[in-house]
Amino acid sequence: MSQVLDIQKLLKSVVAYKASDLHLVSRSEPQVRIDGKLVPLNLPVLEGEDIEDMSYTLLTEKQKKAFEENWELDFSIVIPDVGRFRANYYRTLGDIACAFRIIPIEIPSLDQLGAKPIFKEIIKREKGLILVTGPTGSGKSTTLAAMLNEINMTENKHVITVEDPVEFIHQNKKCLFSHRNIGTDTGSFAQALKFAMREDPDIILIGEMRDKETIEAALTAAETGHLVFGTLHTNSAPQTINRIIDVFSGDEQPQVRAQLSTSLISVISQALLPKVGGGRIAAQEIFNTNPAIANLIREDKVHQLYSQMQLNQAGTGMITQTQELEDYLRKKIITKESAMQYANRPDELMRQIQDIM
């Protein structure tokens, strides 16, 4: 069997096992992640040379050169009749290693994800900042893709996505999509955002708000009449707001708080938890700004946001992670062990679920 078929066979196994990821690391057999847990594939242990021979067949000469210069490479690839994958190549103890994540070609709708009604409300806003946050592998990209898919089915907008690499590819329905890949279509997130203002976008998706320059450009775009979607690796709304503010120096922070207070629409923080009986489910904390919350952000009282999130939730559409986990526990969708493992506020959750212990 040729080397190309070997790597393709391994990637096919990701689909066959309904896995999310494939890992190739020297001195280990190939492993896939199923429902959040790594599972060895019962294949021979790989050496660095084996992985290099297989993995290099997927690269262009330009990508090989970039990897050998930087020892890091992000890209996406389509394997015909198999699927689309996001790939990361890296080095470990001198050997090449690879991580592949499958990206569904079919983009789910908000209804298919079981999203709450507030999602369809916030995406109708003309301008502002919507953030989806959580750790790596928490389904942020899928949630964002479903929101953009909903817009694509209902509104005539120009959507620019800036990603490293591009993940979900949207077919133009009512919207016009311009997908921009860092490294092949643009030099950086900040550069793409700087020039996006001349490309007549209605909506901008930023794959990751990872530095001050990108965050600055995102806030400016959200203030100047664009609906901006972005991601951060944070676990809650207060933590997200603090992370954004802390990127800036002390004398810049009052201005950033003022910008956030007027432009931030929503923060959706999520984690994927194993379900009883198999599969995973997203536990989401939903935070939406209102005049009282905007005032707290502007006055540097972020520590008071959590209590505000618990007020008049029927009217605001907000929910805390504790409430979401409690609901799943009462419906026996997840186990108590999983709930406690993923809880941002385990003490609060423990108090809430004492009657169902």
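Report on the accompanying structure. Model, not experiment: these values are computed from the prediction.

Turning next to helix 11 (residues 291-298). At 3.6 residues per turn, the α-helix brings residues three or four places apart onto the same side. Within helix 11, burial applies to Ile293, Ala294, Leu296 and Ile297. Down the axis of helix 11, the buried set is contained in an arc of 160°. They therefore lie on one face. For helix 11, the secondary structure elements touched by its buried residues are helix 9 (237-246), helix 10 (253-263), strand 12 (264-274), strand 13 (280-288) and helix 12 (305-309). Capping of helix 11 at its N-terminal end is provided by Asn290; its side-chain oxygen lies 3.1 Å from the backbone amide nitrogen of Ala292.

Of note, the bond from Asp164 into Pro165 is cis; its omega dihedral lies within 30 degrees of zero at -5°. Within the element layout of this structure, Pro165 appears in the loop between strand 8 (158-163) and strand 9 (176-181). A positive phi is found at Asn42, a non-glycine position, where the angle reads about 60°. Among the structural elements, Asn42 can be located in the loop between strand 3 (37-40) and helix 2 (48-56). One non-glycine residue, Asp300, lies in the positive phi region at around 60°. Take Asp300: it is sitting in the loop between helix 11 and helix 12. Exposure remark for Asp300: the relative accessible area of 44% places this residue in the partly exposed category.

The strand order across the open sheet built from 6 strands is 3-2-1-6-5-4, with neighbouring strands paired in antiparallel fashion. The open sheet has two edge strands with one neighbour each: strand 3 and strand 4 (72-79). Across the sheet, the axes of successive neighbouring strands diverge by a mean angle of 25°, strand direction being ignored. Pairing analysis gives 8 bridges linking strand 4 to strand 5 (residues 83-92), with the strands arranged antiparallel. By the bridge assignment, Leu73 is partnered in strand 5 with Tyr89.

Here we come to helix 7 (residues 189-196). Within the sequence span of helix 7, burial applies to Phe189, Ala190, Ala192, Leu193 and Ala196. Projected onto a plane normal to the axis of helix 7, the buried residues spread over an arc of 160° and lie on a single side. Against the buried residues of helix 7 lie strand 8, strand 9, strand 10 (203-206) and helix 8 (212-223).

The next point concerns the pairing of strand 13. Across the 9 residues of strand 13, 7 count as buried, placing the element largely inside the fold. Bridge count between strand 12 and strand 13: 9 bridges; the pairing is antiparallel. Counted as the bridge partner of Val267 is Phe287 from strand 13. Counted between consecutive antiparallel strands, the loop separating strand 12 from strand 13 contains 5 residues, among which Gly277 sits at a positive phi close to 95°.

Analysis parameters
Residues numbered from 1 in each chain as written. Predicted model: local features only at pLDDT ≥ 70, side-chain atom pairs only at ≥ 80, totals over all residues. Heavy atoms only, no water. Buried < 20%, exposed > 50% of the residue type's maximum accessible area, 1.4 Å probe, protein only. Helix = DSSP H or I, 4+ residues; strand = E, 2+ residues; numbered from the N terminus. Arc of directions from axis to C-beta. Contact = heavy atoms within 4.5 Å. Polar contact = N/O pair within 3.5 Å; in protein donor to acceptor, adjacent residues only side chain to side chain. Pairing = 2+ DSSP bridges. Axes fitted to C-alpha atoms, helices over the stretch in contact; angles between N-to-C directions.

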